[in-house]
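In case you want the letters, here they are:
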Amino acid sequence: MSALAPASLDSNVLALRLRELAGEERNVQVDFLLHLDEFDRRRAFVAAGHASLWAYCLEALHLREGAAGRRIQAMRVLRRFPNLEAPLRDGRLCLSTVALLGQVLTEENVGDLLARAAFRTRAEVEQLVVSIQARTAPRAGLRKLAERAPAAVSAPLQLPEAELAETATAPGPAKPTLDSPLDTGPLPAPSPTFVKPKRRAETLAVSESHWSLRVTLDRACKEDLETLRSLLSHKVPDGDLAAVLHEAIRCAIEKHGKRKGAVAPERKTKDEAKGAKEHAAKPPTARSTIPAIVRRAVWKRDGGRCAWVGSDGCRCNSRWKLELDHIQPAALGGPTTIDNLRLACRPHNLLHAENTFGREHMDRFRRDANARPTPLSRAGVASLYPGMQLAMWAP
């Protein structure tokens, strides 16, 4: 394919070109690992003037520490299991997942683990690894982080004794008088302030069915957590943090899930299926308010995931910022029925609106994410109001 500017390609050709480039990149990457393996076997980095392969990658190849580490680890796993070359070339595995699998791969299980890890994310492969070789979970508890130390101020430069004596005997600056203007020279620049980056919460798989959660709390959140532990002291007498958090999460899901259609109420005035049939039997009308029974039916049918399917047949399946989307827009007379509704993540909901009404038309309704009205609510394609928006945690 001739080298054309990306801006000159339509979306389908651009997607095809990206696939080609991704394949070429993987092939080059595997070729690099094979060359690096032979280079390491010959210890050619010594003749090149470097003490180790690591130093050669950093100083001669100008790779950064993370990139060099991933490539060296993947190269050593590939050396042990040459049959991993094909999965690396076709994308079933990547540098990170190969390095993770290297901890538990054997000649006996390489075929099975390769099939189970194919096209999986790093987190999924990490969970697969700990299901075979469990980690030691950190001890549960709360500890206070050290206060951030103020920026260090450099000590004053010490002058030699001779210069000190000279300075002591030298005449000082003349005192200002009414006739002499004050010195208006530039003030010294303030010392720079270093802002410590916020630590991200993370979950680390430690076994097949257990994870370790690491999160930083502020004082108010910590006090609320201690209050909740006290309130649950009869139900959770040992104050186990995992049990307390699980109870809080269950209550939050119960509260927000009912409002957003993910959880059905315990007390029902009608049978769920009967109510859905009755609603389906009613004449379809375009309406802005979607009944709770319809929201729950759509949520259950779509499995709590985005139901958008791309041109290549691939379904999105995202669980983040889900919204109810009218397949036939309500602004064009689309009814608020189960068959005409689907779950869609916000990007795909907006894409549907742009495909229907045009990007230029939708740009006229662009607002800040926290402002109202939003493009979809104006166009009647789907409501982004809290009562209509279905949001769950990212997978």
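Residues numbered from 1 in each chain as written. Predicted model: local features only at pLDDT ≥ 70, side-chain atom pairs only at ≥ 80, totals over all residues. Heavy atoms only, no water.

## Quick look at the pattern of salt bridges
No. 1: Enumeration according to the criterion identifies 17 salt bridges in this entry.
No. 2: Residue Asp-37 pairs with Arg-41 through a salt bridge whose shortest N-O separation is 3.3 Å. In this pair, Asp-37 and Arg-41 are both assigned in helix H1 (residues 11-41), four residues apart and thus about one turn of the helix distant.
No. 3: The salt bridge involving Glu-247 is made with Lys-235; its shortest N-O contact spans 3.0 Å. Taken as a pair, Glu-247 in helix H11 (residues 241-260) and Lys-235 in the loop between helix H10 (219-231) and H11 lie far apart in primary sequence, 12 residues in all.
No. 4: Looking at Glu-247, the relative accessible area reads 16%, which means it is buried.
No. 5: Here the salt bridges share partners, and the residues they tie into one network are Asp-37, Asp-40, Arg-41 and Arg-79. (Salt bridge = Lys/Arg side-chain N within 4 Å of Asp/Glu carboxyl O. Helix = DSSP H or I, 4+ residues; strand = E, 2+ residues; numbered from the N terminus. Buried < 20%, exposed > 50% of the residue type's maximum accessible area, 1.4 Å probe, protein only.)

## Here we look at the layout of surface pockets
No. 1: Estimated volume of the second largest pocket: approximately 340 Å³.
No. 2: The wall of the second largest pocket is formed by Ser-11, Asn-12, Ala-15, Leu-16, Arg-19, Trp-308, Gly-310, Ser-311, Asp-312, Cys-314, Leu-351 and Asn-355.
No. 3: Of all the secondary structure elements, the ones that give two or more residues to the lining of the second largest pocket are H1 and helix H14 (346-357).
No. 4: Here the lining of the second largest pocket takes five residues from H1, the largest share from any one element.
No. 5: Per-class residue counts for the lining of the second largest pocket are five nonpolar, five polar and two charged. (1 Å grid on protein atoms, 1.4 Å probe; cavity = no way out; pocket = protein on both sides within 12 Å on 5 of 7 lines; lining within 4 Å. Points joined across faces, edges and corners; volume = space filled by probe spheres on them. Nonpolar A, V, L, I, M, F, W, Y, C, P; charged D, E, K, R; others polar.)

## Quick notes on the pairing of strand S1 (residues 202-205)
No. 1: Where S1 lies against strand S2 (residues 211-214), four bridges are found, and the strand directions are antiparallel. When the bridges of S2 are listed, Leu-204 appears paired with Ser-212.
No. 2: Between S1 and S2, which pair antiparallel one after the other, the connecting turn spans five residues. (Pairing = 2+ DSSP bridges.)

## A look at the packing of helix H7 (residues 110-117) against helix H8 (residues 122-132)
No. 1: Where H7 meets H8, the closest approach of the two axes is 10 Å, and the angle between their N-to-C directions is 145°. When you trace H7 past H8, the crossing you get is right-handed. Together, Leu-113, Arg-116 and Ala-117 of H7 and Val-125, Leu-128, Ser-131 and Ile-132 of H8 make up the contact between the two elements. (Axes fitted to C-alpha atoms, helices over the stretch in contact; angles between N-to-C directions. Left-handed = near helix turned anticlockwise from the far one by under 90°. Contact = heavy atoms within 4.5 Å.)

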